[in-house]
Every structure is written in C-alpha cells, then in structure tokens.
Amino acid sequence: MSEAVATPARIKRLIVESLNLEGMRPEMIEDETPLFGEGLGLDSVDALELVVALEKEFGIRIRSQEIGREVFSSVSTLSQFIEGRT
Amino acid sequence: MLTGLGTLGASGVGADRLAEALAAGRPVSREVDRSAGYHPPEGARRACLMPAVQLGSWLSAGEARRMSPPSKLAVAAARMALRCAGLPGTQEEATAVVVATAFGPSTNTEVLLKQILCEGPESASPSLFMESVANAPAAQIAIAARARGPSLTVCQREAGPLLALGRAAGEVARGRARRALAGSVDEMTPLLHALLDRFGALARPGADGQEAARPFDRRRNGFLAGEGATMVVLESEEALRERGGRALARVLGWGSAFDLTAPVTGWGRGAGTLARGLLRTLRRAGFEPGDVDLVVSGASGSRTGDLLEAQVLREAWGKIPLPPIVAPKSVTGEYGGGLLGAAVLAAAGSAFGPTAGFEETDPELGIVPHDGSPLPPPEIVLVTSLAAGGAAAWLVLGRA
Amino acid sequence: MQRGEGTGAVRRVAVSGVGAVCGMGWGVASLWEGLRAGRPAFAPLRRFDPSRHRTRLAAEVGEPPAHLSRAIPGWRRLSIADRFAVFAAGEAVERAGLAFPYPSPDEVGVYFGSSTGGMYESELFFADLLRGRRRLRLSALASQQVNGPGDAVARHLGVAGPVETLSSACASGALALAAALDAVRCGEVEVAIAGGADSLCQLTYAGFNSLRSVDEAPCRPFRAGRAGMSFGEGAAVLVLEPLERVLARGTEPLAELAGAGASCDAHHMTAPDPAGTGAAAAVEAALADAGLAPEAVDFVNAHGTGTPLNDAAEWRALQQVFGERSREIPLVATKALVGHLLGCSGALEAVATILCLRYGELHPASNGAEGYEADPDVPVSLVTGEPLPLPDARTAVSTSLAFGGSNAALVFSRWMDRAA
C-alpha cells in the first residue's frame, strides 16, 4: 500500500483509539467529515490529544501555531499537512 | 438540612446496597490485581473494591468519555443524591460543590507519570492530565449539575469527608449558597494498595488466612482499603420549606483539630488535644457528650488509629458512659466515603448489624463496638474521623 | 442550621504578618524588591532536565539561606514544597509578633492550598519504581499528598486547631484564605495561618505543556501575541487575626482582608467561560462580602496567566463588574514576574496585593525593557514599565480563576490608622 492511501486510514485509527470514541470504527469516519463542531463534535482537548498521537505515529513535531481550524478541519486536511511534513 | 444521599462502593450502587451491607455487618472485599508486581509478598491481597458497574443510567457515554474513574463515580453519586432529594439534575441557583479526596485520580496520575518518565514528557496525554488533578471530580459535578456556586476540593486524607461536609454546611449557613453538593470520592488502584501496604497501613492475612478490618479489636492489624463515592445534598431550611421537600437528617455542627504528635503517615498520641476538639465541636452545636445517642466512628482497624480514637472518646466522655458505637469502615473499608454514607443512614434511622471483624475486646482500648442488637433511632449522632498525619474532623447530625 | 454564630456586626479581620518565597528569592523583602523593579524571575529550569519538555523556563526558587536547614527541625525529611511552606509561615508569624509555640494552640488553625504537594519527590520514587529498582525509598512518598505542606506548617508551629488543605488548582490559595477569613470571623480560631505552597514537578510541567498552555518565552499577560503561561513555584503565608487583637498587642496590621467570594464556571474542564460570568460573580460576591461597591476598588491584581483565553475571559469579567471603569482601573499582573505558582498563586498574589497597598505603589508587569504591545481586544490599564504610584489606594481585589472553572476573589483594604 502506498503512503498516500495509508495516511488517512492511519489518522482515522488514531482518532478512534486516542480519543476513546466507543462504538466508532475508523471506516465510519469520512475523509471530509468535519472533526470539530458539527460532524464528530470534538473539542480543543481532543485536538491536543490527537496531536500527541500524531506526533508519535508519524515521528513529527507539531508546533502550537499549527494546531488550528484549517489543518484540523478534517481527516483530509490533516493528511495533507502530515504528508507535507514527512 | 441533609436532603439527598447518593453512594457507590464495594457493596454496590445505591444507598440501599450500603444499608443492607451495614445491617448485615457484612464487608465486601475482593482480590486486588497484584500482577504488576508492586505488592510485597506476604502482604495484603484484598480491598473493598467496587464491582464492575454500569453507570450508563447516571452518565452518558459522551460525558464519561474522558472522565477519570473518580469523576465518573462522583458525578453518578451527585446525580443520585439530587434524585434522592427530589431535585432536578441541573441547578437554577448557585449551588456549591465541596468534594473530599484523599488521593485524587490515581489511575490517571499513574498513567501520566509512566508516560512522562518512561516515554518522555512529549507523550503526556492532555486529557489524562486535565482529569488527574484533585479537583477534577468537583469540576465535573459542577459541569454536570450546572452548579455555579463556590467549588472546593478538600484534601485531608481520612478527615476529608467530614471536613467537606462542614465546609459545605458553612457555605449554606452563611447564605453563600442555598444548596450544596458535598461528599467524598477515591479510587483504589493496585499501586496505591501496594504502597499503603508497604507503609504498614493495611490488614494482612491472619493465622486463619483471613484479611479483615477489625475496629477496636485486640487482634486488629490494619484497615481494608476501599473506594467509591458518596455525595449528599445540603439545603437551607428555608429553601427546603419553599420547595416542600423532605430531609434525611439535619447537620447540627462540625469541627476539627490537629494532633501535632502524629507522624506524617500515621497516628499520634494527642488524645487530649483531640478530645478538646471533639468537645468544642459538640458544645458549639449546643450539646454535651451525654446528649449523643450514637457514635458513628471512623475507626478502621488501624492499630494506632483505633487506639487514638478510643482514647479520644474515653477522654471526651470521661465518667459518662459511652453511647453505642458503630464502626462502618469494618464493612466499607477506608476511603471512598463509606463512613459518610453510613453516617447519613444512621441519622435517618438505618439499622446496624454486629461490627464485622470485632471478636475480642482490646483491654488497652476498652471499647466494645455495637453488637447488632436493635437500636432506637438516634436523635443526635456524632461522626468521627482521625486522619493519618494528625488532622481530625467531627460532624454532628440530628434526626430530620 | 445553627452553629452558635453571633448575630452582631461582622468581625474585622487583619493581616498581621506575611511570608513568602518564590523565584524572586526567600522572603518578602526579595519579593517586593523584584516586583518593584519589574524584573521577571524566569530562567532555564535546573530542578529537572527540561530538554524533552516543550518549554524550558520557570521562575524557580534558588538555594535556601544556609541557616534554615539548622533552624528548622526535620528539614531534611521535608519535601521542597514543605520547606517553602514552613519558611513562609515562620516569616509571617515573626512579622505578626506572635511567639510559637503559641500559648493556646487550640485557637490556631492552618488553611492551605496546594496542587501538587510533594509530587516532585514522588516522581523520583516513581522513576525508580517504573525502572524496576528493587530498593525503594518509601520516605520519598511520605509527604506526597497535597496536604503535606499545610500539615508541615501545623507541625512546625505546633497548631492544635483546625488544619485543612484545599486543592482547587489555581484557586487553592485564594480559597484557603477565604476559608481562613470565615474561621476568624466566626471565632472558630483566633489566629489563622493561611496560604499555599507548590513546587515545580514534571507532572504539571509536562501536563500544562501537553495542553499547549505554556509560552516558550516569559508570559505576557494581557499583551498582544501572548502565547501562554509561565511556571513558578514557592509559598506564601498570611497570618489572619481579629483586628482588635492585633491592635491590642500593639502590632500594626499590614492590611485588612475585607471580603472573599467564590463561584464556578461549570463550563469546561480546561477552558474558562469566555463570557467571564463566573469570574465576575466571584468578584461581585467578594465585594458584597466586604460591603463595598465596585467604585471603591482602586486596583485589581489579576489572575492574568498570559494564555489567550484566560486574559480575554478575565477582561470580560472586569467589564461586567466595573463597567466603564474597566479600561481605566489599574491592573497588576504578578504572574508576569514570578510565573504561575498553581495552588499557591492566590496566596502569593494576595501578598503582592498587600504590599502594593502598603507601599502605595503598584508593581509593573515588566521593566519596560521588552516592547510588548497592548492587545486592542483586551484594553486594560496594565501597570507596566515602572511602578505606578497610588498613595491613596485603599481597596484592591485579587482574582484567581482556576483550571476546572473554580473562581475566587479577595478584597483587601489598606490599613488606615484609626487615629487618622
């Protein structure tokens, strides 16, 4: 499997695992589903929890200024951000 | 006025389970998971741990997702207490929240420390951290009940629960809140259990292989660690009258003192100081020892703790004969609010069975706790707690 | 519910002594000297290795004066937070002119706030435990609990009355002072030793960093581009007594603690209510408790952590309480210099507030060396650059807005000689 296919799937798995989303499976999250507000309804602490998981999974450091609505808007935007860093 | 009680512990979920266990004089203890290897061999193996419980009727999955174990227990107990009081789950007026915890959210703290010390600081989980602070349970109760009054967390080990009650009653008495949610929560992790054992605090298996808390007994050798949550609703008499509710008991007085001879992790020899503190508490409430119908004692089976408790009671009562003394920690274990739950039940007229674990009087203590014979409903109840490290707190409850 | 409390006028409560230790040094004199100079106490962490943490700085307490380890019994067994607490309590009672052991120890109580107690020492223990070390020093855990410092003070001074530790995150110290105020007013104690203590530890350092609440640079409360809090540590203790007792003894009160108020946002575990309603309620309750109107307040010692959200919410709260005055009322941001002392912060900032009242000048948030810009979204009158003389200031409010939503506010009045 090429990296371009795997990243969104890896991110979805991390979302479910690190945020303790019971009853949710990674394949239930669409690439474009809004993560915050409507959609998954995550909050700021969830975002930070996801950051720790992403840093560990992808071996990157995410700066505080990068943690915002644009990058974290959906799995798709996150995936683009991460691929740009790895 | 004490108008609602919510409690969860080793005996199960709800005041009825606790009342049954107390009436039968039957402790519920379970094997502690010792697989991590923290426990000393030949050490304590059991604790009054909670059974696996479904809290779904008290907490939604969304609410509970990030809550630490004590927060879940505390919110469930608070909602139970509000329901018991016939009050809605969310408060319109400024309700105070005062929660005591001896050890705070231990699971979260332990996992966080492991992350930081073993994986590295960058691995620290923000949601575990926010729920590792001692005031997490109180904060979660406030969010759940929209309680916008003063929010306090008391950390004074075994004396915490009665201090929390006194503090909450004070907020209501001084008119700073019309209502308060007050109580105690603790969780007993395997590591915490092992550490308490290494400090020599816990009951260890006797010659018969049994591990038991034996309050005031000659062969007592430590307490049974416990966990759980107990929350009560306190209201001003006026507020209660206005809404036409019913009370379980009255809070008549509270007080505390400090025994400076106590070592940091144990009990001291300051019976004189503590007896004066006990008498001050009674007298400020307008009572003398002879007025007390029942003592709900925090005696737990600790060798030095129970000795001190006995000395304090005997010194305070002097020549007057002591009233019946029940020691609920023989059933509920130490920590988690079992004493508080039992005290409210006592003031509401609940029956107490024979004191579990008590078989032989200790001549040095000269205290014979309650044998299970029927007791008339008490008018005045004195609740006692002596903390390791020196703090002591008392509460005076009256019939509703 | 009756407790035999008097129905007469509320007893006035004086602050007869203060003691403090923080990044500025050991003692109130070093604290005031550093605050006046607007000199931030931040430096790279030495207590533990910061290289894997996201930030590096803290206002760390330096080595204690040499005589302390001999002068204070049991010093070696005390945790760092215990040592801070015992030192500050000793300084406070000395200033109060009270001799300890106290002749009637039943009449003295201790009301303390802490977030972490002896956690730093416990981390050393846990590190050994997690590495599978066989020989473990249990004594490192002895003072682990949050009530360690308060109990250590009680033991050190020989207190026999009520001893209680509150742990409501950043509001702990202020709530402890409020509890002490109640106790002295209603006669439960004649002397209250009240304050807080916290020491740096990896748990909180990593924890707040995981929340990305910490600025890599020294914090810039209420300024444009502020990026988070900075850490501090230390202890602060106030001695509270009935005013008449202090005067009868011939001791000059340092200030009066005129009122206290508390509330809870009931909003979110880490973020403040952006509307600032809970914080405003705490301030209003404190003013009502003091029998004073908002117009009487001459300055505010803000909670002012320097996080974008806290300072914005606090500004909202100030607007609700002070209305049109909210832009003009001078704001003191002590955390800009000594950092956030967590459970101790409310107590340390109480001491700073008392010193400002006493000396008739408000300490600046910086010495003007840095070019921090004001934030137009938070248009407060922050005292910065140099001290602001305010010799006629009589009343100040100090706020503490905690993690978890607990809010506390204290009202201090300058001691005015009765003869005047």
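Remember, it's a predicted structure, so these values are computed and weren't measured experimentally.

*Asks:* Residues and numbers for the overall build of chain A, please.
*Replies:* A tally of helices and strands in chain A yields three helices and zero strands. When the helices and strands of chain A are read in sequence order from the N terminus, they spell out α-α-α. On C-alpha atoms alone, chain A measures out to a radius of gyration of 12 Å, which is about the 12 Å that the 2.2 N^0.38 rule sets for 86 residues. By its C-alpha atoms, chain A is 30 × 30 × 20 Å across when sized along the principal axes. Taking as baseline every contact in chain A between residues at least 6 positions apart, the subset at least 24 positions apart corresponds to 56%. Looking at chain A as shown, the accessible area adds up to about 4,700 Å², and 50% of this sits on carbon and sulfur atoms. Side-chain charges of chain A comprise 9 positive and 16 negative groups, with the mean position of each set lying 6 Å from the other.

*Asks:* Lay out unusual backbone geometry with the relevant residues and their values.
*Replies:* Residue phenylalanine 100 of chain C is joined to proline 101 of chain C through a cis peptide bond whose omega torsion reads 5°. Positive phi, close to 65°, is recorded for glutamate 42 of chain B, a residue that is not glycine. Note that glutamate 42 of chain B resides in the loop between strand E3 (30-31) and strand E4 (46-47). Note on glutamate 42 of chain B: relative accessible area 65%, which makes it exposed.

*Asks:* Hey, could you go over the pairing of strand E7 (residues 179-186) of chain B for me, with residue numbers and the actual values?
*Replies:* Residues and elements named next belong to chain B. With eight of eight residues buried, E7 is to be regarded as a mostly interior element. Both faces of E7 are covered, namely the face carrying Arg179, Leu181, Gly183 and Val185 and the face carrying Ala180, Ala182, Ser184 and Asp186. Summarising the sheet, strand E5 (residues 95-100) and E7 pair through six bridges and their orientation is parallel. Note on E7: the bridge partner recorded for alanine 96 is alanine 180.

*Asks:* Requested: an account of the packing of aromatic side chains, with residues and values cited.
*Replies:* Residues and elements named next belong to chain C. In the structure shown here, the tally under the stated rule is 13 aromatic pairs over all chains. Ring centres of phenylalanine 125 and phenylalanine 126 lie 5.8 Å apart, and the angle between their planes is 80°; on these two criteria the pair is classed as edge-to-face. The exposure classification of phenylalanine 125 matches that of phenylalanine 126, with both residues buried. Over the aromatic face of tyrosine 120 sits the side chain of arginine 47, whose NZ or CZ is 5.7 Å from the ring centroid.

*Asks:* Any chance you could break down the interface of chain B and chain A for me, citing the residues and the numbers?
*Replies:* Listed by partner, the interface residues are 11 residues for chain B and 13 residues for chain A. Summed over both partners, the interface of chain B with chain A comes to about 880 Å²; 44% of that surface belongs to carbon and sulfur atoms. Looking at the side of chain B facing chain A, the largest losses of area belong to Arg65, Arg66 and Pro126 of chain B, adding up to 58% of the total buried there. Between arginine 65 of chain B and aspartate 46 of chain A there is a salt bridge whose closest N-O contact spans 2.9 Å. At the junction of chain B with chain A, the criterion picks out eight residue pairs in polar contact (both at pLDDT 80 or more). In terms of residue count, helix H5 (residues 126-130) of chain B provides more of the side of chain B that touches chain A than any other element does, four residues in total. For the side of chain B that touches chain A, the residue count by class is four nonpolar, three polar and four charged.

*Asks:* Describe the packing of helix H4 (residues 106-119) of chain B against helix H8 (residues 202-210) of chain C, and please don't skip the residues or the numbers.
*Replies:* It is the contact of H4 of chain B with H8 of chain C, at a shortest axis distance of 10 Å, that shows an interaxial angle of 85°. When the axis of H4 of chain B is compared with that of H8 of chain C, the two are roughly perpendicular. In this structure, H4 of chain B contributes Thr109, Leu112, Leu113, Ile116 and Leu117 of chain B to the contact, and H8 of chain C contributes Gln202, Leu203 and Ala206 of chain C. Its residues assigned to classes, the contact of H4 of chain B with H8 of chain C shows six nonpolar, two polar and no charged.

*Asks:* How would you sum up helix H1 (residues 28-37) of chain C? Please name residues and give values.
*Replies:* All names here are of chain C. Those residues of H1 that sit buried are Val28, Leu31, Trp32, Gly34 and Leu35. Each buried residue of H1 lies within a common arc of 165° when the element is viewed along its axis, so the set occupies one face. For H1, the secondary structure elements touched by its buried residues are strand E1 (13-22), helix H3 (80-96), helix H12 (335-338), helix H13 (345-359) and strand E12 (361-362). Two residues or fewer after H1 comes glycine 38, characterised by a positive phi angle close to 65°.

*Asks:* If you had to explain the side chain of threonine 3 of chain B to someone new, which residues and values would you point to?
*Replies:* Residues and elements named next belong to chain B. Position of threonine 3 relative to the elements: it lies in strand E1 (residues 2-9). A relative accessible area of 1% places threonine 3 in the buried class. Setting aside its immediate chain neighbours within four residues, threonine 3 contacts Cys84, Ala85, Val233, Glu235, Leu240, Arg243, Arg246, Ala247 and Leu248.

*Asks:* With reference to specific residues and values, describe the nonpolar core.
*Replies:* Ranked by internal contacts, the top residues of the largest apolar core, which has 188 residues, are Leu234 of chain B together with Leu31, Ile193 and Leu238 of chain C. A domain split of this core shows at least three residues from each of domain 1 (2-243) and domain 2 (251-399) of chain B. Those residues in contact with isoleucine 193 of chain C, other than ones at most four positions away along the chain, are Ala89, Val93, Phe100, Val108, Gly109, Val110, Tyr111, Val153, Leu157, Val237, Leu238 and Val239 of chain C. Grouped together as the second largest cluster of nonpolar side chains are 48 residues, Ala102, Phe216, Ile367 and Leu386 of chain B included.

*Asks:* Go over the pattern of salt bridges, please, and point to the residues and values.
*Replies:* What the rule picks out here adds up to 57 salt bridges over all chains. Residue lysine 335 of chain C pairs with glutamate 349 of chain C through a salt bridge whose shortest N-O separation is 2.8 Å. Here the residue lysine 335 of chain C occupies a position in helix H12, and glutamate 349 of chain C occupies one in helix H13, the gap between them amounting to 14 residues. Grouping residues by exposure puts lysine 335 of chain C and glutamate 349 of chain C together as buried. Within the structure, one salt-bridge network assembled from shared partners comprises Arg214, Asp217, Arg218, Arg219, Glu359 and Glu360 of chain B.

*Asks:* Could you give me a rundown of the interface of chain B and chain C, with the residues and numbers involved?
*Replies:* Chain B puts 71 residues into the contact, and the matching count from chain C is 64 residues. Both sides together, the interface formed by chain B and chain C hides about 5,900 Å², and carbon and sulfur atoms give 61% of it. Between the two partners, chain B and chain C, sit seven salt bridges. Residue arginine 174 of chain B is joined to aspartate 182 of chain C by a salt bridge in which the shortest nitrogen-to-oxygen separation is 3.2 Å. Across the chain B-chain C interface, the total number found is 22 residue pairs in polar contact (both at pLDDT 80 or more). Contributions of two or more residues to the side of chain B that touches chain C are made by H4, H5, helix H6 (136-145), strand E6 (151-154), helix H7 (160-173), helix H8 (190-198), strand E9 (249-258) and helix H10 (271-284) of chain B. It is H4 of chain B that contributes the most residues to the side of chain B that touches chain C, eight residues altogether. Across the side of chain B that touches chain C, the residue classes break down as 40 nonpolar, 13 polar and 18 charged.

*Asks:* Can you break down the pairing of strand E8 (residues 234-242) of chain C residue by residue, with the values?
*Replies:* Residues and elements named next belong to chain C. Burial analysis of E8 places nine of its nine residues in the buried class, which makes it a mostly covered element. Examined bridge by bridge, E1 and E8 share eight bridges and lie antiparallel to one another. The residue bridging valine 13 from the neighbouring strand is proline 242, located in E8.

*Asks:* Could you give an account of the domain arrangement of chain B, naming the residues involved and the relevant values?
*Replies:* All names here are of chain B. When its domains are assigned, chain B resolves into domain 1 (2-243) and domain 2 (251-399). Between the C-alpha centres of domain 1 and domain 2 there is a distance of 21 Å. Tallying the contact residues gives 53 residues for domain 1 and 62 residues for domain 2. Along the contact surface separating domain 1 from domain 2 lie five salt bridges. A salt bridge links arginine 220 to aspartate 362; its shortest N-O distance comes to 2.8 Å. At the junction of domain 1 and domain 2, the tally comes to 21 residue pairs in polar contact (both at pLDDT 80 or more). Elements with a contribution of two residues or more to the side of domain 1 that touches domain 2: E1, helix H1 (15-24), H7, E7 and strand E8 (228-235). Here the side of domain 1 that touches domain 2 gets seven residues from one element, more than from any other, and that element is H1. Its residues assigned to classes, the side of domain 1 that touches domain 2 comprises 32 nonpolar, 11 polar and 10 charged.

Quick notes on the rules
Residues numbered from 1 in each chain as written. Chains lettered and ligands numbered in written order. Predicted model: local features only at pLDDT ≥ 70, side-chain atom pairs only at ≥ 80, totals over all residues. Heavy atoms only, no water. Helix = DSSP H or I, 4+ residues; strand = E, 2+ residues; numbered from the N terminus. Rg over C-alpha atoms; globule rule 2.2 N^0.38 Å. Contact = heavy atoms within 4.5 Å. Areas by Shrake-Rupley, 256 points an atom, 1.4 Å probe, with all protein chains shown as cover. Lys, Arg positive; Asp, Glu negative; His and termini not counted. Charge placed at Lys NZ, Arg CZ, Asp CG, Glu CD. Buried < 20%, exposed > 50% of the residue type's maximum accessible area, 1.4 Å probe, protein only. Pairing = 2+ DSSP bridges. Phe/Tyr/Trp six-rings, centres within 6.5 Å; stacked < 30°, edge-to-face > 60°. Lys NZ or Arg CZ within 6 Å of the ring centre and 35° of its normal. Buried area = accessible area lost by both parts, 1.4 Å probe. Salt bridge = Lys/Arg side-chain N within 4 Å of Asp/Glu carboxyl O. Polar contact = N/O pair within 3.5 Å; in protein donor to acceptor, adjacent residues only side chain to side chain. Nonpolar A, V, L, I, M, F, W, Y, C, P; charged D, E, K, R; others polar. Axes fitted to C-alpha atoms, helices over the stretch in contact; angles between N-to-C directions. Parallel < 35°, antiparallel > 145°, perpendicular 65-115°, else oblique. Arc of directions from axis to C-beta. Core = buried A, V, L, I, M, F, W, Y, C linked by side-chain atoms within 4.5 Å. Domains from an automatic or database assignment.

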